[in-house]
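Secondary and tertiary structure notes
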Amino acid sequence: MANSLVIVESPAKAKTIEKFLGKGYKVLASYGHVRALPSKQGSVDVEHDFEPRYHVLPESRRHIELLSKEVKLSKEVILATDPDREGEAIAWHLLEALGIEDGKSHQVKRVTFHEITKGAVQAAIENPGRISYNLVDAQQARAILDYLVGFNLSPFLWKKIRYGLSAGRVQSVALRLVCDREKEIQAFVSEEYWTIDALLKSSGGKRLRARLAAIDGRRLGKFDIGNEQEAQKLTAAIEREDYTVTEISRSEKRRNPAAPFTTSTLQQEASRKLGYSARKTMSTAQKLYEGIDIGEGAVGLITYMRTDSVALSEVATQEAREVISSLFGPEYALAQPRVYKSKAKNVQEAHEAIRPTYVANTPEKVKPHLTSDQYRLYHLIWNRMVASQMAAAILDATSVDIENRPSTERTFTFRATGQVIRFPGFMKLYIEGTDDTEEEQEGLLPPLSEGERLQREQILPEQHFTQPPPRFTEASLVKTLEENGIGRPSTYASIMNTLVLRKYVRLEKRTFFPEDVGMVVNDLLVTHFPQYVDYEFTARMEESLDAISRGEEQWRPVLKEFWDPFIGLLRQKEREVSKEEVTTEKTDRSCPKCEQPLVVKLGRSGKFLACSGFPDCRHTEPLATEGKEEPLVSEEKCEKCAAPMLIKQGRFGKYLACSAYPECKNIQPLVKPKSLGITCPDCKEGDLQEKKSRYGKIFYSCSRYPKCKFALWDLPLTQPCPSCGFPLTVEKTTKREGTVRKCPQEKCDFRQLLVPPEKGEKEAKAAPAPKTAATKAKRAPKKS
């Protein structure tokens, strides 16, 4: 019998920790959350001071039963859930679900593991604490707030747009960012401007390129050369002159490394450098944190991956100094550790930055024990942390001014800049990525001296056009959300995933494009609930939640302050806003069949034109832009003849067609099948992919088709069936049943309600009776 029961969240972590603790300790997993607010109306009693009505999750019941048996056999319970607000709340929910009274039935301790190493685990066990009820209250407030918004705004969207849509406190603000950026792009008016470069040769025969920077001592603005006529006129004048170096400026620049990773910056950099989604980054980091066998038993390779902190422990910086001196030389190491401060809003610097648990575990040393994804992410984390403690890079920056000497009528000043790395410092190991696609790299300049005459080889006028702001990538959206204090970085992966699953946005080449339904939902929320999708309002709510976690505010008054005006506005808008107002737009066109006005309607596949005389007239047509669109040339090449593929519009949407038609009739879907990262349960070899049928309906099938013909109409989930053990379950949404999670096996009756159906008055008064064997037999067709 174990004296101490240690409860963690993950079974993988449980195995690693039990090995470190040895006899006298039993380590079991809760498998994540054990209690939650039921996915139905009435789970929060707003009339009784927002009292939550939690229930034990169906999939957690057997885990609670097992834990209850072990609790009875143990003298003390050590709650070792994750070291964040969510982990603190899970610890409290475990006490409630297990019926443990602290100090009465059992001695209860709370410990946190910022890293899963033997020393860290044993130190935490020796220095236990108590559950922080301020953190629990902050997490409760967040869950209740998200429930109140989601379970009241979502039904509003069902009534005013269509069934199955969802709204969320942070999700809707993230959608607004994407939609607002799209509107900026659509409204953007490109402006023309010109630059003039001179290709020159030094007396030593070396070439350099300089740009026209000033005329008669006046610095040129971006739009001062506005068209080709002005550019050609200046070019003609410049070509008549001879040029001399008039001034050389040299300066030393020191460049410091980026801070070690936080949750947000890890997601951004993994997207830029590795092409990982935020979800993939976090799931891979979770495995590195929980423990991997690297030849000496399982051990955590990185510290806890949900953190806002950029701090490093003294032990970590000392280890880094030793490794840097060994691998790169003592000149690359720092005498004193470099200390960073976070710049983001609402930072919770409770623990360390994300770093390797042992810096001596170099990426190459652990590579044989890791998968490709794990190795690449560990390599990134290791490089970033070690580089943060390396010496600054030293660069020699040079600026050269060149003028026409002697000048005839006007003085033209050209400028060339360049830089040389004198000492690479941290740049020898790692350079942070950037979202700026137009960042210019300064090159190396040839040796020059003041007064040196240069040979003019060519004058190069070049036309440019201003570009609209870029659409959000996963990296830039995460960065913007964090900079504005919207939500918590640990939730960004699920928020972006929800936007894609709800078909509010699509992700193409890691860039977000809003869909028609996403734009309509955003317009409705911005027009009628502007304060609740306002960036500042959402950030202020995060500040209130932070204040609760510090014990500065009580959670119930914060919820009341939000709820009263919110529900009042919602009830008002339910009366005032009509579905037609939201989903129908007038046009100046008439129906070719009945002459009634055509209107723009929102359908399952986006917007289309329809006759306003429906249902008497059922005329519809695609929503075309001005004139007929010319097919766009894509970046794809035809795999049959290597000709460019064109993006064309067909009856079932856009598709790729070979430009060599009719000689080559190859066509391909525009959106390639998207892997879900779920192994096919039938063949165990392929992955399940999201595909579209010829009629545009989404389905899911094995990547090895036609060898494997496993397919589903409903969205597969990675959670196995708790009833029959089938490797996956599916999520299905219908008007009658709402959103349910169920087993795809016909013989299994597992079914879990996630979102209840919207009941009308008639349905509420008389719900259909359940089908019995007798009614089924009665309704069966008679044999003739």
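Residues numbered from 1 in each chain as written. Predicted model: local features only at pLDDT ≥ 70, side-chain atom pairs only at ≥ 80, totals over all residues. Heavy atoms only, no water.

1. Here's the deal with the environment of Ser634
Selection rule: Going along the chain from the N terminus, every DSSP run of H or I of four or more residues is numbered as a helix, and every run of E of two or more is numbered as a strand. The contact rule is simple, with two residues in contact once any of their heavy atoms fall within 4.5 Å.
Relative to the helices and strands, Ser634 is located in strand β24 (residues 632-637). The sequence separation of Ser634 and Trp382 amounts to 252 residues, and the corresponding C-alpha distance is 38 Å. The residues contacting Ser634, other than those within four sequence positions of it, are Met645, Ile647 and Leu656.

2. What to know about helix α14 (residues 492-501)
Cut-off, in case you're wondering: Working definition: with a 1.4 Å probe on protein chains only, accessible area under 20% of the residue-type maximum means buried, over 50% means exposed, and in between means partly exposed. Note that the arc is defined by the directions from the helix axis to the C-beta atoms.
Tyr492, Ala493, Ile495, Met496, Leu499 and Val500 are the residues of α14 that are buried. Down the axis of α14, the buried side of the element spans an arc of 165°, and every buried residue falls inside it. Of the residues one or two after α14, Lys503 is the one with positive phi, at around 65°.

3. Description of the sheet that holds strand β2 (residues 25-29)
For clarity, the cut-off: The criterion for strand pairing is that DSSP finds at least two bridges linking the strands in question. For helices, the fitted axis covers only the stretch in contact; all axes are lines through C-alpha atoms, and the angles between them, taken along N-to-C directions, range from 0 to 180 degrees.
Reading across the sheet, the four strands line up as β2-β1-β7-β8 and stay open at both edges, with parallel pairing between neighbours. Two strands lie at the open edges of the sheet, namely β2 and β8 (107-110), each paired on one side alone. Taken pair by pair, the neighbouring strands of this sheet meet at an average axis angle of 20°, ignoring direction.

4. Digging into the packing of helix α9 (residues 278-290) against helix α12 (residues 372-388)
Worth spelling out the cut-off: Oblique is the label for any angle not under 35 degrees, not over 145, and not in the 65 to 115 range, which are roughly parallel, roughly antiparallel and roughly perpendicular in turn. The classification used treats Ala, Val, Leu, Ile, Met, Phe, Trp, Tyr, Cys and Pro as nonpolar, Asp, Glu, Lys and Arg as charged, and all other residues, Gly among them, as polar.
At a minimum axis distance of 10 Å, the contact between α9 and α12 shows a crossing angle of 90°. One element, α9, and the other, α12, form an angle in the roughly perpendicular class. Contacts from Lys280, Thr281, Thr284, Ala285, Lys287 and Leu288 of α9 reach α12 at Asp373, Gln374, Leu377 and Tyr378. Here the residues of the contact of α9 with α12 sort into four nonpolar, three polar and three charged.

5. Focus: the packing of aromatic side chains
Under the convention used in this document: What counts as a ring pair is set by centres within 6.5 Å for rings of Phe, Tyr and Trp (its six-membered ring), and what kind of pair is set by the plane angle: stacked under 30 degrees, edge-to-face over 60, tilted for all other angles. Criterion for a charge above a ring: Arg CZ or Lys NZ at most 6 Å from the ring centre, at most 35 degrees from the ring normal.
If you walk through the whole model with that rule in mind, you get 16 aromatic pairs. Measuring from ring centre to ring centre gives 5.3 Å for Phe156 and Phe529, while their planes differ by 85°; the resulting arrangement is edge-to-face. Taken together, the positions of Phe156 in helix α5 (residues 133-160) and Phe529 in the loop between α15 (516-528) and α16 (535-549) put the pair 373 residues apart, joining distant regions of the chain. Judged by its relative accessible area of 1%, Phe529 is buried. Ring geometry for Tyr532 against Phe537: centres 5.3 Å apart, planes inclined by 90°, an arrangement best described as edge-to-face. Considered together, Tyr532 and Phe537 belong to a single accessibility category, that of buried residues. Each member of the aromatic cluster is reached from another via a ring pair, and the members are Tyr532, Phe537, Phe562, Trp563 and Phe566. Across from the ring centre of Tyr430, 5.3 Å away, lies the NZ or CZ of Lys273, which sits over that ring.

6. Some points on the packing of helix α3 (residues 85-98) against α5
Running from N to C, α3 and α5 cross one another at 100°; their axes reach a closest spacing of 8 Å. In this view, α3 runs roughly perpendicular relative to α5, as classed from their interaxial angle. Here α3 contributes Arg85, Glu86, Glu88, Ala89, Trp92 and Leu95 to the contact with α5, which in turn contributes Tyr133, Leu135, Val136, Ala138, Gln139, Gln140 and Arg142. Here the contact of α3 with α5 is built from residues that sort into seven nonpolar, two polar and four charged.

7. A closer look at the pairing of β2
The condition is simple: If you view a crossover with the strands going away from you and the path from the first strand over the helix to the second runs clockwise, you call it right-handed.
For strand β1 (residues 4-8) and β2, the ladder comprises five bridges, and the chain directions are parallel. Along β2, the bridge assignment pairs Leu5 with Lys26. On the question of chirality, the crossover connecting β1 to the parallel β2 by way of helix α1 (residues 11-21) is right-handed.

8. Focus: the confidence of the model for the protein chain
Note the threshold: Per-residue confidence from the predictor is reported as pLDDT, a score between 0 and 100.
Here the protein chain shows a mean pLDDT of 87. Residues at 70 or above account for 92%. Mean pLDDT values over the elements of the protein chain span from 36, in helix α20 (residues 773-779), up to 96, in α12.

9. Things to note about the pattern of salt bridges
Applied cut-off: Salt bridge, as used here, is a side-chain nitrogen of Lys or Arg placed within 4 Å of a carboxyl oxygen of Asp or Glu.
The full count for this structure, using the stated rule, is 42 salt bridges. In this structure, Glu542 engages Arg142 in a salt bridge whose closest nitrogen and oxygen atoms are separated by 3.0 Å. Here Arg142 lies in helix α5 and Glu542 lies in helix α16, a separation of 400 residues in the sequence. Accessibility assignment for this pair places Glu542 and Arg142 in one class, buried. For the salt bridge of Arg169 with Glu542, the shortest nitrogen-to-oxygen distance reads 3.3 Å. Here Arg169 is found in the loop between α5 and α6 (171-187), whereas its partner Glu542 is found in helix α16, with 373 residues between them in sequence. By relative accessible area, which is 6% here, Arg169 ends up buried. We classify Glu542 as buried; its relative accessible area is 0%. Taken together, the salt bridges that share partners define one network made up of Arg142, Asp146, Arg169 and Glu542.

10. A closer look at the sheet that holds strand β35 (residues 751-755)
Taken together, the four strands give an open sheet; going across it, the order is β32-β33-β34-β35, and neighbouring strands pair in antiparallel fashion. Among the strands making up the open sheet, the edge pair consists of β32 (715-717) and β35. In this sheet, neighbouring strand axes are inclined to one another by 30° on average, regardless of whether the strands run parallel or antiparallel. Two elements, β32 and strand β33 (residues 729-734), share three bridges in a ladder whose sense is antiparallel. Residue pairing for β33: Leu717 is matched across the bridge by Thr729.

11. Concerning the environment of Leu234
Among the structural elements, Leu234 can be located in helix α7 (residues 228-238). Given the relative accessible area of 11%, Leu234 is considered buried. Along the primary structure Leu234 and Pro461 are separated by 227 residues, whereas in three dimensions their C-alpha atoms are 9.1 Å apart. Sequence-distant contacts of Leu234, that is, excluding residues within four places in its chain, are made with Ile196, Ile215, Ile225, Arg410 and Phe412.

12. Overview of the nonpolar core
Side chains of a nonpolar character, in soluble globular proteins, are inclined to be buried together. Short version of the rule: For this analysis, a nonpolar core means a set of buried residues of the types Ala, Val, Leu, Ile, Met, Phe, Trp, Tyr and Cys, connected via side-chain atoms within 4.5 Å.
Counting 86 residues, the largest nonpolar core has Leu79, Leu94, Leu153, Leu157, Ile161, Tyr504 and Val521 as its most contacted members. Tallying contributions element by element places α5 first for this core, with 13 residues. Each residue touching Leu153, except ones within four places of it in the same chain, is listed here: Ala167, Leu525, Phe529, Phe566 and Leu570. In this structure, Met305, Ala391, Met427 and Tyr430 belong to the second largest nonpolar core, which totals 65 residues.

13. Comments concerning the side chain of Ser154
Condition: We call two N or O atoms a polar contact when they sit within 3.5 Å, provided that within protein one can donate a hydrogen and the other can accept it, with sequence-adjacent residues counted only if both atoms are side-chain atoms.
The topology assignment puts Ser154 in helix α5. The exposure class of Ser154 is buried, given its relative accessible area of 8%. Looking at Ser154, its side chain comes within polar contact range of the main-chain oxygen of Gly150, at 2.7 Å. Discounting residues that sit within four places of it in the chain, Ser154 has contacts with Val149, Leu165, Ser166 and Ala167.

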